[in-house]
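# Architecture at a glance
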Amino acid sequence: MALELTKIQDLMDAAKSGDRRSLSQLLTAIQSGEKIPETTSDPWTLGVTGPPGVGKSTLIGKLVERWKSSGERVAILAIDPSSPITGGSLLADRIRMGGHASGKDVFLRSIPSGKDVAGISPFIGEMCSILSECGWSRIIIETVGAGQSEISIIAFADRILLIDGPDRGDIIQAEKAGLMEISDIIAVNKSDLPGAEAAAREIALSLSLVEGDERKVHLVSAIEGHGIDELIQEIESCNLNSGSKILRMKQRLLSSWNSLLTEHHEIDTLLDELCDGSITVSDAIRHMAITLEFGDE
Amino acid sequence: MRIVMSKPGLDGHDRGAKVVARALRDGGHDVIYTGLRKTPTEIVGIVNDEDAEVLGISTLSGAHGSLIPKICDGLKNSGLGGVIVFAGGIIPNRDRKKLFDCGIRAVFGPGTPTSEVLEFLQEAITRKKNNDPVGVGEDTGWHWS
Ligand code: B12
Ligand SMILES: Nc1nc2c(ncn2[C@@H]2O[C@H](COP(=O)(O)OP(=O)(O)OP(=O)(O)O)[C@@H](O)[C@H]2O)c(=O)[nH]1
Ligand SMILES: [Mg+2]
């Protein structure tokens, strides 16, 4: 269902003047692939990632509570996997964010990632721009940090918080997938449980092996509220030009490039030709590179 | 379909809501569960922010008579009259007519097989596709019986 360009413009105007219904419809339009006019806004974004169940949503609830009371308007994009079998999803991050996930200064949108997690990454940047344009001063992106495809989403955030839990050993997985590298801030949650301290020490040890890596490991408890003030301070003062910036930019470039290629108008023909051997992969790339179409032309 | 499954009021019975939410997910829908103890205003806000097309309301505490009409009115007043709304839980037959009059399109009691809930949704979606009135704010005598 392609919306007309004037309709999109009307929605944008209404959303900017504070109409939440229009903002919500605009986000849906972006997700269904609708092209949105470029905005000039510079969104404040935080990516929160980490293994399933470590307490990302609970911790975000705490951040939202603090930011709300200091007058910020907080928007959250919570990305959850869909079932590979039925295509359906049960989006439950909202529950864990508790009472802080609603109200006039909080906007939460749950996003099922579909079959192709990396496939939604190009929309995330646009959603952040629109939210920022509409006056949302803190934008949080939550995604389960399980593998390469999630990195392409979280890379759209300007600062990234990686969360682990006690006794999980999951951080090793995260390291494998490059999540450790791209993260600016690292925290171990559930410090109220045994094992959290040991996990934090282990991670700190692995960081200390890399020369010049100054990141420290925060111990927090989202449920009891320990360590949250220090964590917020670090998030606020995070250096956006750290070494991870180049990795982020590389990811953004790659995922935008990917989506340009997969949206190429001749992709089906080229795939057929590749199958029957009449062209080679480099022929296809060369052809696509010179015939690429950009949304803004 | 994007479906919000909600638990309004102080009612702490959440098994039914979770069972139905899971069944809807397995039916291929995207289900957003609100968690317990939401006010009608919060529920309307969630439907808006999530841009849901369908809202499920689960209530077993006996407060359906005041909570459900409040939610329906809230939706209508927020430009969300096109949302399909249905309910379940402990809702006696004698109370149902009033809820249908508010725009609720189905009420399911204890022991409902989840397959029937999916059948209802299928029918409601077909109606929506044909542009037949089915939203909470749309004028129609139709409901699932
Ligand atoms: C289990 C239970 C509890 C558990 C709840 C555990 C939990 N986390 O859910 C506990 C022990 C905590 C509990 C407590 C209380 N309960 Co109780 N409880 C029940 C009981 C026995 C079963 C409910 C249940 O889980 N059924 C299984 C699920 C799967 O079925 P369901 O919820 O009906 O859902 C099905 C359908 O209704 C429908 N459905 C439900 N919601 C929705 C939503 C949509 C959108 C759709 C499409 C369909 C749908 O589909 C489901 C699948 O078929 C019922 C009696 C009964 N037989 O219903 C009493 C009952 C609901 N409880 C009752 C009461 C009074 C209470 C208490 C106030 C104290 C008490 N006297 O026990 C407290 C209050 C708790 C609170 N804070 O709200 C009364 C309510 C009376 C009323 N409404 O007038 C009941 C009816 C018992 C009775 N006959 O008196 N309860
Ligand atoms: N003991 C303890 N439990 C916590 C803490 N933070 C979260 N939890 C619990 O951990 C479980 C998972 O929390 P969520 O916030 O849903 O975790 P998540 O990382 O968002 O989970 P997914 O989105 O499913 O990956 C819940 O049962 C929380 O109550 C904490 O600081 N201490
Ligand atoms: Mg979560």
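The following refers to the structure shown. Residue indices begin from 1 for each chain and proceed along its sequence in written order. Key to labels: chains lettered from A, ligands numbered from 1, both in the order written. With the structure being a predicted model, the display of local features is reserved for residues of pLDDT at least 70 and the display and counting of side-chain atom pairs for 80 or more, all residues being used for whole-chain, interface and lining totals. Side-chain descriptors were evaluated using all non-hydrogen atoms of the structure, hydrogens and water having been removed beforehand.

### A word on the interface of chain B and chain A
In this analysis, two residues are considered to be in contact whenever any of their non-hydrogen atoms come within 4.5 Å of each other. Contacts between chain B and chain A engage 22 residues on the former and 20 residues on the latter. Around 1800 Å² of area is buried between chain B and chain A when both sides are counted, 46% of it from carbon and sulfur atoms. Summed over both partners, buried area is the accessible surface (1.4 Å probe) that two parts give up on being assembled. Taken as a group, Arg25, Asp49 and Asp51 of chain B account for 29% of the area that chain B buries against chain A, more than any other trio of residues on that side. Every case where a carboxyl oxygen of Asp or Glu lies within 4 Å of a side-chain nitrogen of Lys or Arg is listed as a salt bridge. Seen at the junction of chain B and chain A, the total is three salt bridges. Here Asp51 of chain B ties to Arg21 of chain A by a salt bridge, and the two come within 3.2 Å at their closest N and O atoms. Polar contacts here mean pairs of N or O atoms no more than 3.5 Å apart (in protein, one a potential hydrogen donor and the other a potential acceptor; neighbouring residues in sequence count only if both atoms are side-chain atoms). Where chain B touches chain A, the interface holds 17 residue pairs in polar contact (both at pLDDT 80 or more). Secondary structure elements follow DSSP: runs of H or I no shorter than four residues count as helices, runs of E no shorter than two count as strands, and numbering proceeds from the N terminus. Where the side of chain B that touches chain A is concerned, the elements lending two or more residues are helix 1 (15-26), strand 2 (30-33) and helix 2 (40-49) of chain B. DSSP bridges decide pairing: two strands pair if at least two such bridges lie between them. Relative to strand 2 of chain B, strand 3 (residues 89-91) of chain A runs parallel, the two sharing three bridges. Each bridged residue has a counterpart across the sheet, and for Leu91 of chain A the counterpart in strand 2 of chain B is Ile32 of chain B.

### Comments concerning the sheet that holds strand 5 (residues 138-144) of chain A
Strands belonging to one sheet form pairs held by backbone hydrogen bonds; the direction of such a pair is parallel or antiparallel. Residues and elements named next belong to chain A. Ordered in space as 4-2-5-1-6-7-8, the seven strands form an open sheet in which the pairing is parallel. Each of the sheet's edge strands pairs with one partner strand only, and the pair in question is strand 4 (106-112) and strand 8 (217-219). Averaged over all adjacent pairs, the angle separating strand axes in this sheet is 20°, with direction ignored. Of the pairings in the sheet, the one linking strand 1 (residues 45-50) to strand 5 comprises six bridges and is parallel in character. Paired with Thr49 across the bridge in strand 5 is Thr143. To define axes, lines are fitted to C-alpha atoms, for helices over the stretch in contact only, and angles between the resulting N-to-C directions are given on a 0 to 180 degree scale. Packing against the sheet, helix 3 (residues 56-69) makes contact with strand 1, strand 2 (74-80), strand 4, strand 5 and strand 6 (159-164), and its axis sits at approximately 175° to strand 5.

### Quick word on the coordination of the magnesium ion (ligand 3)
Residue and element names in this part refer to chain A. Each metal's donors are the N, O and S atoms found within 2.8 Å of it, except that Na, K and Ca use a 3.2 Å limit; water is left out, so coordination can look incomplete. Protein coordination at the magnesium ion (ligand 3) comes from Ser57 (OG), Asp93 (OD) and Glu142 (OE), with a distance range of 2.0 to 2.2 Å. Between the donor residues of the magnesium ion (ligand 3), the gaps in sequence give the motif S-x35-D-x48-E. Of the two residues, Asp93 is situated in helix 4 (residues 93-96) and Glu142 in strand 5; the sequence distance between them amounts to 49 residues. A single burial state applies to Asp93 and to Glu142, both of which are buried. Per-residue accessibility, obtained with a 1.4 Å probe over protein chains only, is compared with the maximum for each type, and a residue is labelled buried under 20%, exposed over 50%, and partly exposed between these values.

### As for the coordination of the cobalt atom of ligand 1
Ideal geometry at a metal centre gives angles of 109.5 degrees when four donors are arranged tetrahedrally and 90 or 180 degrees when six donors are arranged octahedrally. Among all protein atoms, only His13 of chain B (NE2) binds the cobalt atom of ligand 1, sitting 2.2 Å from it. With respect to the secondary-structure elements, His13 of chain B resides in the loop between strand 1 (2-6) and helix 1.

### Some thoughts on the pattern of salt bridges
For the structure on display, the rule yields 21 salt bridges over all chains. Arg66 of chain A is the partner of Asp229 of chain A in a salt bridge, and the nearest nitrogen-oxygen pair spans 2.2 Å. Of the two residues, Asp229 of chain A is situated in helix 10 (residues 228-236) and Arg66 of chain A in helix 3; the sequence distance between them amounts to 163 residues. For the salt bridge of Lys7 of chain B with Asp11 of chain B, the shortest nitrogen-to-oxygen distance reads 2.8 Å. Within the structure, one salt-bridge network assembled from shared partners comprises Glu72, Arg138 and Glu236 of chain A.

### A short note on the sheet that holds strand 4 (residues 84-89) of chain B
Pairing in this open sheet of six strands is parallel, and the strands run 3(A)-2(B)-1(B)-3(B)-4(B)-5(B) from one edge to the other. What marks the edges here is a single partner per strand, and that holds for strand 3 of chain A together with strand 5 (107-108) of chain B. Running at roughly 165° to strand 4 of chain B, helix 5 (residues 114-129) of chain B makes contact with strand 1, strand 3 (54-59), strand 4 and strand 5 of chain B of the sheet.

### A few points about the packing of aromatic side chains
Residues and elements named next belong to chain B. What counts as a ring pair is set by centres within 6.5 Å for rings of Phe, Tyr and Trp (its six-membered ring), and what kind of pair is set by the plane angle: stacked under 30 degrees, edge-to-face over 60, tilted for all other angles. Per the counting criterion, the structure on display carries six aromatic pairs over all chains. Note on Phe108 and Phe120: the rings are 6.0 Å apart at their centroids and 70° apart in plane angle, and the pair reads as edge-to-face. Of this pair, Phe108 sits in strand 5 while Phe120 sits in helix 5; the two residues are twelve residues apart in sequence, bridging distant segments of the chain. Residue Phe108 is classed as buried on the basis of its relative accessible area of 8%. Classification of Phe120 as buried rests on a relative accessible area of 0%. Taking 6.1 Å as the distance between ring centres and 5° as the angle between the ring planes, the aromatic pair formed by Phe120 and Trp142 counts as stacked. Of this pair, Phe120 sits in helix 5 while Trp142 sits in the segment after helix 5; the two residues are 22 residues apart in sequence, bridging distant segments of the chain. Accessibility assignment for this pair places Phe120 and Trp142 in one class, buried. Taken together, the ring pairs connect Phe86, Phe108, Phe120, Trp142 and Trp144 into an aromatic cluster.

### Here we look at the site of ligand 1
Residue and element names in this part refer to chain B. Residues are labelled near a given molecule or strand when at least one of their non-hydrogen atoms is within 4 Å of it. In the neighbourhood of ligand 1, 26 residues make up the surrounding shell, with Gly12, His13, Asp14, Leu60 and Thr112 lying closest. Between ligand 1 and Gly12, the relevant distance is 2.6 Å, taken from an oxygen atom to a main-chain nitrogen or oxygen of the residue. Contact distances for ligand 1 include 2.8 Å between a nitrogen atom and a side-chain N or O atom of Asp14. Elements with a contribution of two residues or more to the shell around ligand 1: helix 1, strand 3 and strand 4. By residue class, the composition of the shell around ligand 1 is eleven nonpolar, twelve polar and three charged. In this classification, the charged set is Asp, Glu, Lys and Arg, the nonpolar set is Ala, Val, Leu, Ile, Met, Phe, Trp, Tyr, Cys and Pro, and all remaining amino acids, among them Gly, are polar.

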